[in-house]
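Geometric and topological summary
Below, each chain spelled out in residue letters.
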Amino acid sequence: MLSDKDRTLLKLIAQDCRLKPEELSIQTGLTVEYIEKRISDWEKEKVIVGYQPMINWDRTGDDKVSALIEVKVLPQRGYGFDKIAKRLQRYPEIKALYLMSGGYDLSVLIEGKTMQDVALFVAEKLASLEHVQSTATHFVLRRYKQDGIELMGEEETLQRLVVSP
């Protein structure tokens, strides 16, 4: 179980992983040594599994296509959904993979350069897997918020094409 101080420390790291132990010490009242030890322990225990910046790729001019894919899977005896999930998580195209409740079993977030890349991945690598019963692909048209961070500023509005008869 996490103490309140450790929970506060983790939340600060999650908000800005660039903060130095000295800065975290000022904000939490914890010693630099304690913070360095906790971070090291959490990295070993896989509580902290990485330090990644969030990039708003829409502003870079790089073309990327994202899709959320609903996957229905036949669970395997003795493994449930874990065996196919372990296989799927190895694909670099897959950015997130979740076991879901409701009308489908796995939610898969993938990225590709084009819609065709995504479609080919689904057809050739995902839907063709043993135990996959069906897939439904939903392309992401625009990201407004991700990981709690708003990606569209208040001054921005969608530029819509005027359609006239």
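A quick note: this is a predicted structure, and the numbers were derived from the prediction, not measured.

**A look at the packing of aromatic side chains**
The tally for this structure, following the rule as stated, stands at one aromatic pair. Here the aromatic rings of Tyr-91 and Phe-121 are separated by 5.3 Å at their centres, their planes lie at 90 degrees, and the arrangement is edge-to-face. Placement of Tyr-91 in the loop between helix H4 (82-88) and strand S2 (94-99) and of Phe-121 in helix H5 (residues 115-126) is noted, with a sequence separation of 30 residues between them. Between the NZ or CZ atom of Lys-83 and the centre of the ring of Tyr-79, over which it lies, the distance is 4.7 Å.

**Side note on the pairing of strand S3 (residues 106-112)**
Judged by how many residues are buried, S3 sits mostly within the fold: six of seven residues are covered. Across seven bridges, strand S1 (residues 65-73) lies against S3 in antiparallel orientation. In the strand pairing of S3, Glu-70 is matched with Ser-107. Relative to S3, S2 runs antiparallel, the two sharing five bridges.

**What about helix H3 (residues 32-44)?**
Across its 13 residues, H3 extends 18 Å between first and last C-alpha, which sits within 8% of the 18 Å expected from 1.5 Å per residue. Every buried residue of H3 is accounted for by Ile-35, Arg-38, Ile-39, Asp-41 and Trp-42. Each buried residue of H3 lies within a common arc of 165 degrees when the element is viewed along its axis, so the set occupies one face. Summarising the geometry of H3, the exposed residues directed more than 90 degrees from the buried face are Glu-33 and Lys-44. In this structure, the buried residues of H3 make contact with helix H1 (4-15) and helix H2 (21-28). Lys-46 sits one or two residues past H3 and shows a positive phi near 65 degrees.

**Thoughts on the sheet that holds S2**
Hydrogen bonds along the backbone pair up the strands of a sheet, which may run parallel or antiparallel. Read across the open sheet, the four strands follow the order S2-S3-S1-S4; overall the sheet is antiparallel. Whereas interior strands pair on both sides, the edge strands pair on one side only; in this sheet they are S2 and strand S4 (132-139). Strand-to-strand twist of the sheet, defined as the mean angle between neighbouring strand axes without regard to direction, takes the value 20 degrees. In the sheet, S1 pairs with S4 via seven bridges, with the strands oriented antiparallel. Bridge pairing in S4 places Leu-68 opposite His-138.

**Some thoughts on the UniProt feature "domain: Transcription regulator AsnC/Lrp ligand binding" (unreviewed entry) in the chain**
What UniProt calls "domain: Transcription regulator AsnC/Lrp ligand binding" (unreviewed entry) maps, in this numbering, to residues 69-142. Between the first and last C-alpha atoms of residues 69-142 the distance is 16 Å; the span itself is 26% helix and 35% strand.

Rules used in this analysis
Residues numbered from 1 in each chain as written. Predicted model: local features only at pLDDT ≥ 70, side-chain atom pairs only at ≥ 80, totals over all residues. Heavy atoms only, no water. Phe/Tyr/Trp six-rings, centres within 6.5 Å; stacked < 30°, edge-to-face > 60°. Helix = DSSP H or I, 4+ residues; strand = E, 2+ residues; numbered from the N terminus. Lys NZ or Arg CZ within 6 Å of the ring centre and 35° of its normal. Buried < 20%, exposed > 50% of the residue type's maximum accessible area, 1.4 Å probe, protein only. Pairing = 2+ DSSP bridges. Expected span 1.5 Å × (residues − 1). Arc of directions from axis to C-beta. Contact = heavy atoms within 4.5 Å. Axes fitted to C-alpha atoms, helices over the stretch in contact; angles between N-to-C directions. UniProt positions renumbered as here; feature names shortened; annotations may be inferred.

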